[in-house]
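# Structural overview for review
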Amino acid sequence: MRRYEMMIILDPSLEERTVQPSLDQFLKVVTAAGGTVDKVDVWGRRRLAYEIDKKSEGIYTVVDMTAEPDAVKELDRQLNLNEAVLRTKILRPDLH
Amino acid sequence: MAKPPVRKPKKKVCLFCQDKVTRVDYKDTGLLRKFISDRGKIRARRVSGNCTQHQRDVATAIKNAREMALLPYTSTAR
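As a starting point, this report considers the structure included with it. In every chain, residue numbers begin from 1 and rise along the written sequence. For naming, the first written chain is A and the first written ligand is 1, with later ones following in the order written. Two thresholds apply to this predicted model, a pLDDT of at least 70 for residue-level local features and 80 or more for giving and counting side-chain atom pairs, whereas whole-chain, interface and lining totals are computed over all residues. Note that the side-chain values use all heavy atoms of the structure and ignore hydrogens as well as water.

## Description of the packing of aromatic side chains
All names here are of chain A. Filter applied, for reference: Stacked, tilted and edge-to-face are the three classes assigned to paired rings of Phe, Tyr and Trp, where Trp is represented by its six-membered ring and a pair needs centres within 6.5 Å; plane angles under 30 degrees give stacked, over 60 edge-to-face, the rest tilted. Here a strand is any run of E in DSSP of at least two residues, a helix any run of H or I of at least four, and the numbering for each starts at the N terminus. The criterion for a charge sitting over a ring is simple: Lys NZ or Arg CZ within 6 Å of the ring centre, and within 35 degrees of the ring normal.
All told, the structure shown has three aromatic pairs over all chains when counted by the stated rule. Measuring from centroid to centroid gives 5.7 Å for tryptophan 43 and tyrosine 60, while their planes differ by 15°, and the two rings are stacked. Linking tryptophan 43 in strand 2 (residues 36-52) with tyrosine 60 in strand 3 (residues 55-67), this pair joins segments that are 17 residues apart in sequence. The ring of tyrosine 60 is capped by arginine 46, whose NZ or CZ atom sits 5.6 Å from the centre of that ring.

## A look at helix 1 (residues 19-32) of chain A
Residue and element names in this part refer to chain A. Cut-off, in case you're wondering: Multiplying 1.5 Å by the residue count of a helix minus one yields the expected span of that helix. The reported bend at a residue is simply the angle between two axes, fitted to the 7 residues ending at it and to the 7 residues beginning with it. Only protein chains enter the accessibility calculation, which uses a 1.4 Å probe. A residue is then buried if its area is under 20% of the maximum for its type, exposed if over 50%, and partly exposed in between. Note on contacts: a residue pair is in contact if any heavy atoms of the two residues lie within 4.5 Å.
The end-to-end C-alpha distance of helix 1, which contains 14 residues, comes to 20 Å, matching closely the 20 Å that a straight helix rising 1.5 Å per residue would cover. A maximum bend of about 35° is found in helix 1 at phenylalanine 26. Buried within helix 1 we find Val19, Leu23, Phe26, Leu27 and Val30. In this structure, the buried residues of helix 1 make contact with strand 1 (2-10), strand 2, strand 3 and helix 2 (69-81). The positive-phi residue at the C-terminal boundary of helix 1 is glycine 34, with phi of around 90°.

## Remarks on the pattern of salt bridges
All names here are of chain A. Applicable threshold: In what follows, salt bridge is the name for a side-chain nitrogen of Lys or Arg lying within 4 Å of a carboxyl oxygen of Asp or Glu.
Under the counting rule described, the total for this entry stands at nine salt bridges over all chains. Aspartate 11 is paired through a salt bridge with lysine 55; the nearest N and O atoms lie 3.6 Å apart. Of the two residues, aspartate 11 sits in the loop between strand 1 and helix 1 while lysine 55 sits in strand 3, which places them 44 residues apart along the sequence. For lysine 55, a relative accessible area of 24% corresponds to the partly exposed category.

## Some thoughts on the interface of chain A and chain B
Rules: We define buried area as the total accessible area lost by two parts upon association, computed with a 1.4 Å probe and summed across both. The term polar contact refers here to a pair of N or O atoms within 3.5 Å; inside protein, the definition further demands a hydrogen-donor-capable atom paired with an acceptor-capable atom, and it admits residues adjacent in sequence only when both atoms are side-chain atoms. For this classification, Asp, Glu, Lys and Arg are treated as charged, while Ala, Val, Leu, Ile, Met, Phe, Trp, Tyr, Cys and Pro are nonpolar and the rest, including Gly, are polar.
Across the contact, 18 residues belong to chain A and 13 residues belong to chain B. Carbon and sulfur atoms make up 60% of the surface buried where chain A meets chain B, a total of about 1400 Å² over both sides. Counting the contacts that link chain A with chain B gives three salt bridges. Notably, a salt bridge pairs Arg23(B) with Glu5(A), separated by 3.6 Å at the nearest N-O pair. Linking chain A with chain B are nine residue pairs in polar contact (both at pLDDT 80 or more), by the criterion used here. Of all elements in the fold, only strand 1, strand 2, strand 3 and strand 4 (85-91) of chain A reach the threshold of two or more residues within the side of chain A that touches chain B. Per element, the largest residue contribution to the side of chain A that touches chain B is seven residues, and it comes from strand 2 of chain A. Partitioning the side of chain A that touches chain B into residue classes produces eleven nonpolar, two polar and five charged.

In structure tokens:
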């Protein structure tokens, strides 16, 4: 098990209220594989430094979790398939 | 007679070593902005005054932040 920190940029056209439930839906992949989600931090709407997919804003969220590498890989794969997700980044804070 | 250029090199101390920071977070854009120029370029070590290791950490953090659109790759000041 390893600690991960994942940042997700979501489509700004989403309702901010619906962000949390839909994230929980995604994070089931981690909990189902025996991992734990330690913290979900929704930053909210924030201006992007440059346009991504012709969008100048994004909803930023940061998720701290402890999980197996495979579960995190699968989560990242599913997020990237989803059209509401503009970008993701996974880091291991222990290494940085 | 031209005066010989008087240069007094002021020894800068690395900000991070002073504060004993072990980890530079890419999410802290306020801090990282101090280390980029107004064109968005990373400041050189001789300008920023960081030590070798921390300059490297800062550069990595800035690059991570750029990927997540927290900092610009270039900013169009002119």
